Amino acid sequence: MGRKVTVATCALNQWALDFEGNLQRILKSIEIAKHKGARYRLGPELEICGYGCWDHYYESDTLLHSLQVLAALLESPVTQDIICDVGMPVMHRNVRYNCRVIFLNRRILLIRPKMALANEGNYRELRWFTPWSRTRQTEEYFLPRMIQDLTKQETVPFGDAVLATWDTCIGSEICEELWTPHSPHVDMGLDGVEIFTNASGSHHVLRKAHARVDLVTMATTKNGGIYLLANQKGCDGDRLYYDGCAMIAMNGSVFAQGSQFSLDDVEVLTATLDLEDVRSYRAEISSRNLAASRVSPYPRVKVDFALSCHEDVLLPLSDPVEWKYHSPAEEISLGPACWLWDFLRRSRQAGFFLPLSGGVDSAATACLVYSMCRQVCEAVKNGNQEVLADVRAIVNQTSYTPQDPRELCGRVLTTCYMASENSSRETCDRAKELAQQVGSHHIGLNIDPAVKAVMGIFSLVTGKRPLFAVQGGSSRENLALQNVQARIRMVVAYLFAQLSLWSRGTQGGLLVLGSANVDESLLGYLTKYDCSSADINPIGGISKSDLRTFVQFCVERFQLSALQSILAAPATAELEPLANGQVSQTDEEDMGMTYAELSVYGRLRKMAKTGPYSMFCRLLNMWGDTWTPRQVADKVKRFFSKYSLNRHKMTTLTPAYHAENYSPDDNRFDLRPFLYNTGWPWQFRCIDNQVLQLERTEPQDLDGVD
């Protein structure tokens, strides 16, 4: 009689709304799980659409494309003969739920909605989803036609139930439910569930891994059982970095540990465990058994399948492992560096531009890019073909293979010391020495001519010449003279980020890196729109004290001796030319759309909550008398391409008087990602297919389109 089970969990680097890429990563993880002998595969929370879709969850497009991906998974031969547990949003009776869809051999076994939603800190799940509140109850869920055609099922169970296979019982938890005071695994375990699964979308916070591991091990210490945790990993298109840490535990011990930070898009963990170990562990906990005899039973979905094989006597079992934790300094060296890598490759830029002042914060930021380069070289050395393809695209050289982190750093990092008359020789030397040690392309320049020119304009207009405090000037004059230097550095940084590669005869532009730490931001100790204004800031959530620890770590781990003097030093602080005198440029020509059209797109996107496909359908009716379906499709695609390409600019939008309901203020009002797959391949293909259908047939009612 078989009793050994091989189960798989994974960490996937999914990307919000990248249905095409997400599908391929899910399929790859299932393929690896099967290859390792697993009969059950668990994936991260909302893996089909990506966790960080935010207000896109309101859109019917997100539900539609998730169903299309589910259909592709059901249809794939890869998903045969293994129970697949995938995450996606599902609408049941006009209510949106965050769900697990569990299926086997083209049949959906159960849709299990999340019962406790994360709604604190960075999480706003109650904004988009409703928790399932009917414990131990299920309803019939009527499948959409595109799924019915595949599964030959009209309805499937939807709700709080567990799966009963021939040899064991499996119950689902979803992320937050593990963190609640009375987690579902408690009652499920008492009711005989032996395998618990948890699909998470849990982001990295320094020193958080301990809590996650403790919760999983404690769940199985008190109750016995096998616990699988899956997690999202990487940058999902926003400020958060999801840090993997997939794991498999049994009876209070960890049997498989996934990496917390890694450049692998797909990571699959398996363990082979003996169900009899769970049963014997539970046998002698009499208090548990008394409680179990009184527990209310869960609805059971019978599954005609076994996780074990008949002849498994010789199948080797997994051994327990001791969880290896990173120190906070290691976490800083790895987490933000992985986030930088995802941001660089997905934004399709050629590298980073960093104003390097010779102080701790910008030095720490340079160290993070160097750490990123080390991880890229290591991943390539270990045979990661995706990282190799990405790095070749970034440096625009198809035969390039990175081997030395310093050499790679020279290609992807440009540092710049921007001197003024108030700069010291020491900071200049420290910046230059660090740049040499990490290998960045370093530029030294002087901003005094620009500062004098700007102040000259002010004096010319006002007849006044402000002075520093030491020269007898007021505090207002003193502050203004400091700020103008800081702001000119920002202007120079963006100019060089756009044109320094051009001046060197290579292609592409650079992402400007900010280096204001979390303490400075909290206090407001930074000049608005100075070098704190950047495309991204990898240290913006890290304290000064942790940064100093990290820099000291870099001295030892990376042998960057230049950092010692930095640590020892005290911290201190119309667009185109006229043509024959006439304007040759208009906004509407530049945008490729009129302002009137733009306001329609804005209202549909924000207020009507339409994605590309829904907007196309709506505009067919609104603009059908004026434009052909193909012209409407072109307009919608142009808008979404430009919108998503420029969305990152909303992150520094100045707070404005709120007079229009399609405001794109991403900080308070319009919670959507700012890093998109700007090709929108899946969505645009749906539009193109609909255009072809309309061009082949007479005009028809679009309401019936699946």
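What counts, and at which threshold
Residues numbered from 1 in each chain as written. Predicted model: local features only at pLDDT ≥ 70, side-chain atom pairs only at ≥ 80, totals over all residues. Heavy atoms only, no water. Buried < 20%, exposed > 50% of the residue type's maximum accessible area, 1.4 Å probe, protein only. Helix = DSSP H or I, 4+ residues; strand = E, 2+ residues; numbered from the N terminus. Pairing = 2+ DSSP bridges. UniProt positions renumbered as here; feature names shortened; annotations may be inferred. Expected span 1.5 Å × (residues − 1). Contact = heavy atoms within 4.5 Å. 1 Å grid on protein atoms, 1.4 Å probe; cavity = no way out; pocket = protein on both sides within 12 Å on 5 of 7 lines; lining within 4 Å. Points joined across faces, edges and corners; volume = space filled by probe spheres on them. Axes fitted to C-alpha atoms, helices over the stretch in contact; angles between N-to-C directions. Salt bridge = Lys/Arg side-chain N within 4 Å of Asp/Glu carboxyl O. Phe/Tyr/Trp six-rings, centres within 6.5 Å; stacked < 30°, edge-to-face > 60°. Lys NZ or Arg CZ within 6 Å of the ring centre and 35° of its normal. Parallel < 35°, antiparallel > 145°, perpendicular 65-115°, else oblique. Left-handed = near helix turned anticlockwise from the far one by under 90°. Nonpolar A, V, L, I, M, F, W, Y, C, P; charged D, E, K, R; others polar. Core = buried A, V, L, I, M, F, W, Y, C linked by side-chain atoms within 4.5 Å. pLDDT = per-residue confidence, 0-100. Polar contact = N/O pair within 3.5 Å; in protein donor to acceptor, adjacent residues only side chain to side chain.

## Some points on the pairing of strand β18 (residues 413-419)
- In terms of burial, β18 is a largely internal element, seven of the seven residues being buried.
- Because side chains alternate across β18, one face comprises the buried residues Leu413, Thr415, Tyr417 and Ala419, and the other comprises Thr414, Cys416 and Met418, equally buried.
- Here strand β17 (residues 351-355) pairs with β18 via four bridges, running parallel. Residue Phe352 lies in a different strand from β18, and its bridge partner there is Leu413.
- Pairing of β18 with strand β19 (residues 441-446), which is carried by six bridges, proceeds in the parallel orientation. Bridging across to β19, Thr414 finds its partner in His441.

## Some remarks on the UniProt feature "domain: CN hydrolase" (unreviewed entry) in the protein
- According to UniProt, the "domain: CN hydrolase" (unreviewed entry) feature falls on residues 5-275.
- Structurally, residues 5-275 is divided into 25% helix and 35% strand, and its ends, taken at the C-alpha atoms, are 7 Å apart.

## Re helix α23 (residues 681-696)
- Over its 16 residues, α23 runs 22 Å from end to end, which matches the ideal 22 Å to within 8%, given 1.5 Å per residue.
- Every buried residue of α23 is listed here: Trp682, Gln683, Phe684, Cys686, Ile687, Gln690, Val691 and Leu694.
- Buried residues in α23 make contact with α1 (19-35), α2 (60-75), α21 (612-623) and α22 (629-646).

## Side note on empty space enclosed by the protein
- For the largest cavity, the calculated volume is near 60 Å³.
- Lining the largest cavity are Leu67, Leu70, Met88, Val90, Val101, Ile108, Ile111, Tyr141, Leu143, Pro144 and Ile147.
- Listed by contribution, the elements that provide at least two residues to the lining of the largest cavity are α2, β3 (83-92) and β5 (107-113).

## A closer look at the sheet that holds β17
- Read from one edge to the other, the open sheet built from four strands follows the order β19-β18-β17-β20, with strand pairing classed as parallel. The sheet terminates laterally at β19 and β20 (510-512), the two strands that pair on one side only. Neighbour-to-neighbour, the strand axes of the sheet open up by a mean angle of 25°, direction not taken into account.
- As paired elements, β17 and β20 share three bridges and run parallel to each other. Residue pairing across strands places Phe352 opposite Leu511, the latter belonging to β20.
- In this fold helix α10 (residues 360-381) packs onto β17 and β18, with an angle of close to 160° to the strand it touches most, β17.

## Observations concerning the pattern of salt bridges
- Tallying each qualifying case throughout the model produces 35 salt bridges.
- One salt bridge connects Glu125 with Lys114, and the closest N-O pair in it is separated by 2.8 Å. With Glu125 in helix α3 (residues 125-128) and Lys114 in the loop between β5 and α3, the pair connects residues that are 11 residues apart, well separated along the chain.
- According to the relative accessible area criterion, Glu125 is buried, its value standing at 2%.
- Lys635 serves as the salt-bridge partner of Glu597, at 2.7 Å between the closest nitrogen and oxygen.

## Brief notes about the packing of aromatic side chains
- For the structure on display, the rule yields 26 aromatic pairs.
- Taken together, a centroid distance of 6.2 Å and an interplanar angle of 85° make the contact between Tyr51 and Trp54 edge-to-face. Accessibility classification places Tyr51 together with Trp54 in one group, the buried group.
- Grouped by ring-pair contacts, the aromatic residues Tyr51, Trp54, Tyr57, Tyr123, Trp128, Phe129 and Tyr242 constitute a single cluster.
- The ring centre of Tyr400 lies 4.0 Å from the NZ or CZ of Arg411, which sits over that ring.
- Here Arg685 stacks its cationic end above the ring of Trp682, 5.4 Å away from the centre of that ring.

## What to know about the packing of α21 against α22
- Running from amino to carboxyl end, α21 crosses α22 at an angle of 135°, the nearest separation of the two axes being 9 Å. As far as their axial angle goes, α22 and α21 are oblique. In the packing of α21 onto α22, the handedness of the crossing is right-handed. For the pair α21 and α22, the contacting residues are Pro612, Met615, Phe616, Leu619, Leu620 and Trp623 in the first and Pro629, Val632, Ala633, Lys635, Val636, Phe639 and Phe640 in the second.
- Broken down by class, the residue content of the contact of α21 with α22 amounts to 12 nonpolar, no polar and one charged.

## Let's talk about the nonpolar core
- Of all hydrophobic cores here, the largest spans 82 residues; its most connected members are Leu70, Leu73, Ile108 and Phe616.
- Each residue touching Ile108, except ones within four places of it in the same chain, is listed here: Leu70, Leu74, Val101, Ile102, Phe103, Leu143, Ile147, Thr151, Gln153 and Val156.
- Counting residues in each nonpolar core, the second largest holds 69 residues, with Leu354, Tyr400, Ala431 and Ile566 among its members.

## Observations concerning the environment of Thr217
- Secondary-structure assignment places Thr217 in helix α6 (residues 209-223).
- Linking Thr217 and Met250, residues 33 residues apart in sequence, is a C-alpha distance of 7.5 Å.
- Those residues in contact with Thr217, other than ones at most four positions away along the chain, are Gly252 and Val254.

## Quick word on the packing of α10 against helix α11 (residues 385-395)
- Where α10 contacts α11, the two axes come as close as 8 Å, and the packing angle between them is 130°. If you check the angle between α10 and α11, you find them oblique. Between α10 and α11 lies a crossing of left-handed hand. Here α10 contributes Val376, Ala379 and Val380 to the contact with α11, which in turn contributes Val387, Leu388 and Val391.
- The residue makeup of the contact of α10 with α11, split by class, is six nonpolar, no polar and no charged.

## Here's the deal with α21
- An ideal rise of 1.5 Å per residue puts 16 Å on 12 residues; α21 measures up with 15 Å between its terminal C-alpha atoms.
- Most of α21 sits inside the fold, with nine of its 12 residues counted as buried.
- The set of residues buried in α21 consists of Pro612, Tyr613, Ser614, Met615, Phe616, Cys617, Leu619, Leu620 and Trp623.
- For α21, the secondary structure elements touched by its buried residues are α2, α20 (595-606), α22 and α23.

## A look at unusual backbone geometry
- Despite not being glycine, Leu17 shows a phi value in the positive range, around 70°.
- Relative to the helices and strands, Leu17 is located in the loop between β1 (4-12) and α1.
- Of note, Arg93 is a non-glycine position whose phi angle comes to about 55°, a positive value.
- The topology assignment puts Arg93 in the loop between β3 and β4 (95-104).

## Structural notes on the confidence of the model for the protein
- On average, residues of the protein score 91 in pLDDT, and 93% of them are at 70 or above.
- Note on residues 655-659: pLDDT under 50 across the span, and two contacts to partners over four residues away in sequence or across chains.

## Quick notes on the environment of Ser420
- Mapped onto the fold, Ser420 is located in the loop between β18 and α13 (425-438).
- Distance in space between the C-alpha atoms of Ser420 and Ile447 is 5.6 Å, their sequence separation being 27 residues.
- Ignoring any residue separated from it by four or fewer positions in sequence, one finds Ser420 in contact with Asn446, Ile447, Asp448, Gln485 and Arg489.
- A polar side-chain atom of Ser420 sits 3.1 Å from a polar atom in the side chain of Gln485.

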